[in-house]
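Working through the structure, step by step
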Number of protein chains: 2
Amino acid sequence: MNPPYPLDNVRVVLSHTSHPGNIGATARAMKTMGLRSLYLVNPKSFPDKEAEVRAAGAWDVLNNARICATLEEALSDTVLAAAITARPRDLSHQVFDARLGAEELMRHARQYPVALVFGTEMSGLTTMEVSKCHMVVHIPADPDYSSLNLASAVQIMAYELRMALPEPGSFSPTHPAVSMLAGFNETELLYRHLERVAISSGFLDPREPKRFMQRMRRLFARARLEKEEVNVLRGLLNALEKRM
Amino acid sequence: MNPPYPLDNVRVVLSHTSHPGNIGATARAMKTMGLRSLYLVNPKSFPDKEAEVRAAGAWDVLNNARICATLEEALSDTVLAAAITARPRDLSHQVFDARLGAEELMRHARQYPVALVFGTEMSGLTTMEVSKCHMVVHIPADPDYSSLNLASAVQIMAYELRMALPEPGSFSPTHPAVSMLAGFNETELLYRHLERVAISSGFLDPREPKRFMQRMRRLFARARLEKEEVNVLRGLLNALEKRM
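**Observations concerning the interface of chain A and chain B**
With 66 residues of chain A at the contact, the number on the chain B side is 64 residues. For the pair chain A and chain B, the summed buried surface comes to about 5600 Å²; carbon and sulfur atoms form 64% of the total. Linking chain A to chain B there are eleven salt bridges. For the pair chain A and chain B, the number of links is 26 residue pairs in polar contact (both at pLDDT 80 or more).

Below, the structure written as structure tokens:
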């Protein structure tokens, strides 16, 4: 049997949220990163039209949200809970930044349910709530203005959880495919052609040629010329030669 | 003289934003991470009450936002622009994920203005807009639902830029200098000049011009043109024009 997809073991817990719009935006933020399990501790207004609007297409997350009377109920069955706070606190918990905290959570989420716990928009989590968690996660922010929107904080944490997956994206960063790159010989032919045209135009003095071609080589080497680009440039150079 | 704080060299460009609330939420997302410079290309409604509400305390960012008629105007003076897209595209630029893209941007932001460019809520950036940028940044998301809210996308990128800062205190002006990159305006002039010469040579049919210039933009964007290279290329183009 396959182990559960680790993100399925992560629940987002919002405690005493005031603005239903933030609940909808949270559902959307979660779903974009592959999180589905939302727990609401005593939300001020839910269900709510504004939550639906802000959820965009993440209605499934919203509709499956579990309403709990207490934080204890929301954390039931979890093995690890992280209190997300704007400011590091003078507490005995171990404090992680968002990235390391996400890695720590994902390490456990491979096997067991874990939770991220977010407090109210105005004052965050109470000391009592933090004390129910195992670790504190601090999202780095500008010390002069660290007032992250609730759903934005969820978005960053959900993003970091996804980034902690072995394959976070639907694809990986790309460089031009090696097969498409121009070979050494055709690139050298391009350089010779370019030099010839530069000389015929009068721009390049063949008695003092070095600096120009070095610059051009350096430029095109940085770009990693592709076959098709060499063909296009040679076509242009041919047309220029004919016209001169 | 101290170099500028690198985040001060980062501008966030929102193109044709539909919902003013997203502009306000963007200002807030920026400010929490220490970004201040917001450019709005043809916003549907701005200034707007809804933007102010969602900005929370980030009114300074909002009030200092620059309204531009075109993306070119917003990118003026930048040396590196990243198109933030939900989906990788055909014939696209070099693609980075959010983390590596932020590192690349910050590497240049130590010395020169750089930009993050975000498209509309519904359809993102146009192909033409992407072609004005040097790189594409993809925010990893669930392939089944990658519909990130605009301000959430800004939040993640702003967070990654902040995470790419060196540790507070360890920032020093002695980093190896990034070579003098060409600015947006001079690069655009080069493209126009190249297109003109390609047309006069007979190589480029102005009734079917798109693919050639897109290819050239993509090639030179990958290379990250330097000032001196643009000067040399323009000199060559001038000579060719005179000779034809």
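**Quick notes on the confidence of the model for chain A**
All names here are of chain A. The pLDDT averaged across chain A works out to 89; a share of 91% of its residues lies at or above 70. Segment residues 170-179 is flagged for pLDDT under 50; beyond a separation of four residues in sequence, or across chains, it makes 17 contacts in the model. Scored by ipTM, the complex comes to 0.80, with pTM at 0.82.

**Describing the sheet that holds strand β6 (residues 114-118) of chain A**
Two modes of strand pairing occur in sheets, parallel and antiparallel, and in both the strands are linked by backbone hydrogen bonds. All names here are of chain A. Taking strand neighbours across the sheet as the criterion, the seven strands line up as β3-β2-β1-β6-β4-β7-β5 in an open arrangement whose pairing is parallel. Both outer strands of the open sheet, β3 (66-68) and β5 (94-97), are each paired with one neighbouring strand and no more. In this sheet, adjacent strand axes meet at a mean angle of 25° when their direction is disregarded. Sheet analysis places strand β1 (residues 10-15) next to β6, joined by five bridges and oriented parallel. Opposite Leu14, over in β6, you have Phe118 as the bridge partner.

**Some details on helix α1 (residues 20-32) of chain A**
Residue and element names in this part refer to chain A. Over its 13 residues, α1 extends 19 Å from the first C-alpha to the last, a length consistent with the 18 Å expected when each residue adds 1.5 Å. Where burial is concerned, most of α1 is hidden: 13 out of the 13 residues are buried. Directly after α1, the chain includes Gly34, whose backbone phi takes a positive value near 90°.

**Notes on the nonpolar core**
Judged by nonpolar contacts, the single largest core of 96 residues is most densely connected at A:Phe118, A:Ile139, B:Phe118 and B:Ile139. Counting residues per element, this core draws most heavily on helix α7 (residues 150-163) of chain A, which supplies nine residues. For A:Ile139, the residues in contact, after removing those within four places along its chain, are A:Ile84, A:Thr85, A:Ala98, A:Leu148, A:Ala153, A:Ile156, A:Met157, B:Met33 and B:Tyr159. Counting residues in each nonpolar core, the second largest holds 40 residues, with A:Leu204, A:Ala223, A:Leu236 and B:Ala182 among its members.

Rules of the game
- Residues numbered from 1 in each chain as written.
- Chains lettered and ligands numbered in written order.
- Predicted model: local features only at pLDDT ≥ 70, side-chain atom pairs only at ≥ 80, totals over all residues.
- Heavy atoms only, no water.
- Contact = heavy atoms within 4.5 Å.
- Buried area = accessible area lost by both parts, 1.4 Å probe.
- Salt bridge = Lys/Arg side-chain N within 4 Å of Asp/Glu carboxyl O.
- Polar contact = N/O pair within 3.5 Å; in protein donor to acceptor, adjacent residues only side chain to side chain.
- pLDDT = per-residue confidence, 0-100.
- Pairing = 2+ DSSP bridges.
- Helix = DSSP H or I, 4+ residues; strand = E, 2+ residues; numbered from the N terminus.
- Axes fitted to C-alpha atoms, helices over the stretch in contact; angles between N-to-C directions.
- Expected span 1.5 Å × (residues − 1).
- Buried < 20%, exposed > 50% of the residue type's maximum accessible area, 1.4 Å probe, protein only.
- Core = buried A, V, L, I, M, F, W, Y, C linked by side-chain atoms within 4.5 Å.

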